[in-house]
Amino acid sequence: MLELRHLTKSYANGRRVLNDVSYSLAAGEFVAVMGDSGVGKSTLLNLIAGLDAPDAGAIMVDGVDIAALDDNAATRLRRARMGFVFQAFHVLPHLNLQQNVALPLLLNGADLSRAGSMLEAVGLGGRGADFPHQLSGGELQRVAIARALVHRPALVLADEPTGNLDPDTAQQILRVLRDELRSTGASAIMVTHSHAAAATADRVLILSQTGLHAA
Amino acid sequence: MGWGKLNRWLVWGEWRAYPLRALTAVLAIALGVALGFAIDLINSAAYNEFSAAARSLAGQADLEVRGTQPTFDERVYPMLATRAGVAQASPMLELEASVPGQTSALKIIGVDVLRAASMTPDLVGVAAADKPFDTLADDAIFLSPAAMAWLNTRVGQQIQLRAGSRVVSLRVAGGLVRARTGQRLGVMDIGAAQWRFNRVGQLSRVALKLTEGVNLLAFKQALANDLQGRLQVLQSADETSRSASLSRAYRVNLNVLALVALFTGAFLVFSTQALSVIRRRSQFALLRVMGVTRAQLLRQVALEGGLLGALGAALGIAGGYALAATALRFFGADLGGGYFPGVQPTLQFAPISAGVFFALGLAVALLGSAVPAWEAARAPAAQALKSGSEETALNRLATPWPALGLMAIGGVLTLAPPIGNLPIPGYIAVALLLIGGIALMPRLVGLVFQALQGVPTRRPLVMLVLSRLANAPGQAAIALGGVLASFSLMVAMAIMVASFRVSVDDWLAQVLPADVYIRSAASGNTAALALAEQAQIAGTPGIARVDFLRLSQLNLDPARPAVALIARNVDVSTAERVLPLVQAVAVPADRVPIWVSEAMVDLYGFTPGKTVRLPLVGQWRAVVVAGVWRDYARQFGAIQMRLGDYRRLTGDTAVNDAGLWLHAGTTPAQAIARLKALPFGAALEYAEPGEIRAVSLKIFDRSFAVTYLLEAVAIVIGLFGVAATFSAQILARAKAFGMLRHIGVTRRQVLAILAAEGGLLTLMGMAVGFVLGWVISLILVFVVNPQSFHWRMQLHVPWGLLATVAAALLLAAVLTALIAGRSALSGSVVRAVKEDW
Ligand SMILES: Nc1ncnc2c1ncn2[C@@H]1O[C@H](COP(=O)(O)OP(=O)(O)O)[C@@H](O)[C@H]1O
Ligand SMILES: [Mg+2]
């Protein structure tokens, strides 16, 4: 469903971050990506999301090279096919939980009813009218997971989703993420520093100067 | 469906979280729109009433023949009445009758009742049923309701009016039912008017109705050719354009001032929107990541601004209407400007003007949102998601070139000539300088505070303040824009008004050299002093010398208001002693010299040394412009000539005014007492130069009262801006402050930081604002005023006033920062740190 072909990426300062990265992600597959800080994990996710363009190589999402699309087309692809979870949660502060989770449905013009059941699925049933500032970090990340999956994306990109959480909460969050991935059948790439977190994935890959390889 | 709902969620979420911010922006727009709309409503109400009154005087006439002077010889009348193509001709004598004890005159129109009945039915009096011939009686006058109320009289009573140095008594025989509300008017038989007011054999105008089928324009052209400019032929359109030009510069000036308030409001919307977009930078980035396209994001931010603008503009239209109604009730139609005397307009909602001002308010808000919206949509989402990238959003603001370019264009525009007699390029230059100045602020703030940062200090709070101002100049500058805009405009207006006032004061001292002034009446053109009376005045003991003055009017251009014609004793070689000359040339002794006001040079091209022709008593007379003098009293032009020349050319020996020089040992009071003892002395008006000066300056101040008011509003909007931007910035920095509180900085210290930042920024804004305001005042004084009012003046800076306002503004800004800071800091410290954005 996702195929990375010989990706290279350098930033303006000339430093080469990604070097000949290739990988083929099967539908429903959940991989964890590990690697040293600053090696280019977030950059890789940005490229896959179409937020940045590689210097060379191709990123095939369902047979379409997202790197070759213009901004509007890439945005539409992202909107319909991808979901995101971030280390810093990134929940809109002035929308309530129900509205935050419903955002992707709104953007895709879909029926909003799934937002409620999604909140329930991540253990926040009945709190849809609450606002983000009333939640703990773990709860905020559950909201983010619900939001990432509510529109049944084909691919979820998670950048250190447990980086800001204590180990117990992190384990809960990972269980929720896994269960929801399984029930929606989405593939996922999760960047993480934690071996415990990586262990919940189907496969673990290491990103290094020489590319992306199995651990 | 989804997208519209998202729009609503986002807008509503933002407004619910920061209702004050939204409210300030709405109010700022509303205030600007309200002022602009109100002034437009008042002006057009006054102007419409004024022209309606003029039209009702013209009645059904197709054309009107008018003299170049207030009256002309009635022997022209038969020639006009019998001319081929003329169906009817109605002769009229129009007088401004001086009323004893009143400062304004009563307009009286003498008509031939039989002809007026069909041509100008509004000008026919209603006689009592038992006295049907009163309309022809030689002692009867018919008064409009407003005139009756003003003179406190009613039908059957007598009223007193001045004719020459005597008083005539007329019987109020009836009313003028079709007079307009507020219109002060009297009508009498034309023969009676000529006789009673010493105008035997004279007319002011003849109204013509043409036979059906006659080509109006061709007839007008042929008649004008035959009359050779000794008389003028006018259409009602000419009359309208004349009355329009009377007050046009004044109206435009007021409208521009109102636009200034709107502009300041625009700036406020820009700064609040910009700061709010910057604060939400990472939220917008998240939306972009989740699949919102650039265009959609742009629309979202524009929608927010547009909604604020639409709300504010709607509120402003309603408020403007209420404001106009209130102002008309309490200040009258001319807002103290003196351009629409006696007019009582009725306010009418003007849909087109309302639409224009609504659109302006909306456009201003959209423009204010456009730049931040564009930046938000363009920002690379992945980077914008990280916090701390706010200042990069403003980096582009630091390029000085667009700002310098705007200012350069503004500079070039100051050299451009007026458009349609209005200083449009000058006004645009002012706007460009302002915008350029504001746009230059981020760069300037950065430069100044980076330099200050170099000053070594061991005090951590000072260091915190300076480093923030130096490293986030873009955000600081946005907070400053409001102060800068309103303060520079305030400085410009204050310098302009002070320059004008000082110049007028000096000028008054120069044009009032005599010890005592006498006038035949406070206003009107029916009072005068004949030769014998002049001799009696000159022969009064204690009076060394008398300078008699004949004031009259000359119509040089049918489309323009009349020019003042002043005849007095002027010695060619020492003209500068009686006239405030700015230019003079030698004139051959055998030519008739005239001295013209600066407006004559601008409007009619009467340059020094030029030979020009003046239409006097039905003849063209060649005269030479011997000099140009400064005149702050008449913006439509004035001509002075020697009394001897005037009498020789016109045969008119009467005078209106006189300046008296007294022998040493005679006090003004003694001289006035002796003059009052003369047979006609009690009817005259006496004044010492000091009194005239005081009254003139009072009128001056009153006519600028609206200006001060509009200025005050601009400053209040500016302070609004300071409040809104400071509180927005403090909100955006809640996390940083929470962190400071965590590491042991006290609440007081945080507030001290905010006060210092606010104070330093305001100081900086005022310093730049002063320079900018000074430059703008140069444009107002040396470009806008000469072009619109033909007033040239010397620059005078009112340091005391400026220092006071600056101090008040500084205090207000610091207080505003403190209040905004207190409320922003009232939330819990823990939450401030936890909240990610
Ligand atoms: N916008 C950028 N401009 C220049 N260098 C960048 C930019 N973003 C990231 N980098 C650099 O690229 C490298 C990889 O960054 P990133 O992908 O965020 O690493 P990580 O593996 O820790 O997620 C780092 O050295 C970082 O400094
Ligand atoms: Mg990273």
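Quick notes on the rules
- Residues numbered from 1 in each chain as written.
- Chains lettered and ligands numbered in written order.
- Predicted model: local features only at pLDDT ≥ 70, side-chain atom pairs only at ≥ 80, totals over all residues.
- Heavy atoms only, no water.
- 1 Å grid on protein atoms, 1.4 Å probe; cavity = no way out; pocket = protein on both sides within 12 Å on 5 of 7 lines; lining within 4 Å.
- Points joined across faces, edges and corners; volume = space filled by probe spheres on them.
- Helix = DSSP H or I, 4+ residues; strand = E, 2+ residues; numbered from the N terminus.
- Contact = heavy atoms within 4.5 Å.
- Buried area = accessible area lost by both parts, 1.4 Å probe.
- Salt bridge = Lys/Arg side-chain N within 4 Å of Asp/Glu carboxyl O.
- Polar contact = N/O pair within 3.5 Å; in protein donor to acceptor, adjacent residues only side chain to side chain.
- Pairing = 2+ DSSP bridges.
- Axes fitted to C-alpha atoms, helices over the stretch in contact; angles between N-to-C directions.
- Core = buried A, V, L, I, M, F, W, Y, C linked by side-chain atoms within 4.5 Å.
- Buried < 20%, exposed > 50% of the residue type's maximum accessible area, 1.4 Å probe, protein only.
- Patch = residues over 30% accessible without salt bridge, like charges linked within 9 Å, V, L, I, M, F, W, Y side chains within 5 Å.
- Areas by Shrake-Rupley, 256 points an atom, 1.4 Å probe, with all protein chains shown as cover.
- Near = heavy atom within 4 Å.
- Nonpolar A, V, L, I, M, F, W, Y, C, P; charged D, E, K, R; others polar.
- Phe/Tyr/Trp six-rings, centres within 6.5 Å; stacked < 30°, edge-to-face > 60°.

Asks: Got a minute to help me understand empty space enclosed by the protein in this structure?
Replies: Which parts of space are left empty comes out when a probe the size of a water molecule is rolled across the atoms. This model, assessed by the stated rule, comprises nine cavities of 30 Å³ or more. One number sums up the size of the largest cavity: a volume of about 110 Å³. Lining the largest cavity are Leu92, Pro93, His94 and Leu95 of chain A together with Leu10, Glu14, Arg280, Gln283, Phe284 and Leu287 of chain B. If you list the elements that add at least two residues to the lining of the largest cavity, you get α1 (2-17) and α9 (281-289) of chain B. With three residues, the top contributor of residues to the lining of the largest cavity is α9 of chain B.

Asks: Explain the interface of chain A and chain B here, please?
Replies: Note: interface size is frequently given as the accessible area lost on complex formation between the parts. Listed by partner, the interface residues are 28 residues for chain A and 32 residues for chain B. Of the roughly 2,700 Å² buried where chain A meets chain B, counting both sides, 67% is carbon and sulfur surface. The tally of links from chain A across to chain B stands at two salt bridges. With its nearest N and O atoms 4.0 Å apart, the salt bridge here joins Asp71 of chain A to Arg294 of chain B. At the boundary of chain A with chain B, the tally comes to six residue pairs in polar contact (both at pLDDT 80 or more). Listing elements by their share of the side of chain A that touches chain B, those giving two or more residues are α2 (71-81), β6 (82-86) and α3 (97-107) of chain A. The leading source of residues in the side of chain A that touches chain B is α3 of chain A, at six residues.

Asks: Before we go on, may I ask you to explain the sheet that holds strand β5 (residues 64-65) of chain A in this structure?
Replies: Hydrogen bonds between backbone atoms are what pair the strands of a sheet, whose relative direction is either parallel or antiparallel. Residues and elements named next belong to chain A. What the four strands build is an open sheet, ordered β2-β1-β4-β5; its pairing is antiparallel. This sheet does not close on itself; its edge strands, each paired only once, are β2 (16-25) and β5. As judged from the six bridges shared by strand β1 (residues 2-10) and β2, these two strands associate in the antiparallel manner. Bridge pairing in β2 places Leu7 opposite Val21. Its contacts with the sheet put helix α1 (residues 41-49) on β1, β2 and β4 (56-61), and the angle it makes with β1 is roughly 120°.

Asks: Is there a simple way to explain the nonpolar core in this structure?
Replies: Among soluble globular proteins, nonpolar side chains are generally buried collectively. Formed by 97 residues in total, the largest nonpolar core has its most connected members in Met441, Val445, Phe449 and Phe500 of chain B. Formed by 95 residues, the second largest nonpolar core is a distinct cluster that contains Val33, Leu95 and Ala201 of chain A together with Val292 of chain B.

Asks: Would you take a moment to explain the pattern of salt bridges for this structure?
Replies: Working definition: two side chains of opposite charge can pair if their charged atoms are close together. Residues and elements named next belong to chain B. Applying the stated criterion across every chain yields a total of 33 salt bridges over all chains. With its nearest N and O atoms 3.3 Å apart, the salt bridge here joins Asp139 to Arg171. A residue pair is termed long-range when its members are at least 10 positions apart, and Asp139 in the loop between β5 (126-127) and β6 (140-143) and Arg171 in strand β8 (residues 166-175) qualify at 32 residues. Classification of Asp139 as partly exposed rests on a relative accessible area of 25%. Three or more residues joined by partner-sharing salt bridges are found here, namely Glu64, Glu94, Glu96, Lys107 and Arg205.

Asks: Help me out: how do you make sense of a nonpolar patch on the surface in this one?
Replies: Residue and element names in this part refer to chain B. Taken together, the side chains of Leu20, Leu23, Leu27 and Leu315 define a hydrophobic patch exposed on the protein surface, amounting to about 380 Å² of accessible area. Take the nonpolar patch: its biggest share by element is three residues, from helix α2 (residues 19-58). Locating Leu20 in the fold gives a position in helix α2.

Asks: For this particular structure, what's the right way to read the environment of Ser98 of chain B?
Replies: Residues and elements named next belong to chain B. Along the chain, the position of Ser98 falls in the loop between β3 (86-97) and β4 (106-111). Sequence separation of Ser98 and Gln160 is 62 residues, and the distance between their C-alpha atoms is 9.3 Å. Setting aside residues up to four positions removed in sequence, Ser98 forms contacts with Leu161, Arg162, Ala521, Ser523, Gly524, Asn525, Thr526 and Ala527.

Asks: What should I look at first to understand the sheet that holds strand β10 (residues 211-214) of chain A in this one?
Replies: Residue and element names in this part refer to chain A. Spatial strand order, β6-β7-β8-β3-β9-β10: six strands in an open sheet with mixed pairing. Strands at the two margins of the open sheet, each flanked by one partner only, are β6 and β10. Across the sheet, the axes of successive neighbouring strands diverge by a mean angle of 20°, strand direction being ignored. Two strands pair when backbone bridges link them, and strand β9 (residues 203-208) and β10 are joined in this way by four bridges, in the antiparallel orientation.

Asks: Explain the site of ligand 1 to me, please; I cannot follow it from the model alone.
Replies: Near ligand 1, the surroundings consist of Tyr11, Arg15, Val17, Ser37, Gly38, Val39, Gly40, Lys41, Ser42 and Thr43 of chain A together with Gln383 of chain B. Neighbouring residues of ligand 1 are not confined to a single chain but are spread across chains A and B. Here an oxygen atom of ligand 1 sits 3.3 Å away from a polar atom, N or O, in the main chain of Val39 of chain A. Interatomic distance of 2.8 Å between a backbone N/O atom of Lys41 of chain A and an oxygen atom of ligand 1. For the shell around ligand 1, the element with the most residues is α1 of chain A, which contributes three residues. When grouped by side-chain class, the residues that make up the shell around ligand 1 number three nonpolar, six polar and two charged.

Asks: Hey, could you run me through the pairing of β4 of chain B in this one?
Replies: Along a regular strand, successive side chains alternate from one face of the sheet to the other. Residues and elements named next belong to chain B. The element β4 is largely enclosed, with a buried count of five among its six residues. For β3 and β4, the ladder comprises six bridges, and the chain directions are antiparallel. Counterpart to Leu93 in the pairing with β4 is Gly110. Note that β4 and strand β9 (residues 185-189) share five bridges and pair parallel. Looking at the pairing, Ile109 lines up with Val187 of β9.

Asks: Would you mind going over the packing of aromatic side chains with me for this structure?
Replies: Centre-to-centre distance and the angle between the planes together describe a pair of aromatic rings. Residues and elements named next belong to chain B. By the definition in use, this model includes 11 aromatic pairs over all chains. Between Phe500 and Phe700 the ring centres are 5.1 Å apart and the planes differ by 80°, which places this aromatic pair in the edge-to-face class. Remark: Phe700 occurs in helix α22 (residues 689-703) and Phe500 occurs in helix α17 (residues 473-511); sequence separation between them is 200 residues. The class of Phe500 is buried, set by a relative accessible area of 3%. Overall, the relative accessible area of 8% leaves Phe700 in the buried class. Seen in terms of ring centroids, Tyr604 and Phe606 are 6.1 Å apart; in terms of plane orientation they differ by 55°. Their pairing is tilted. Each member of the pair, Tyr604 together with Phe606, is buried. Chaining the aromatic ring pairs together yields one cluster made of Phe500, Trp507, Tyr632, Phe700, Phe789 and Trp791.

Structural measurements only, silent on function.
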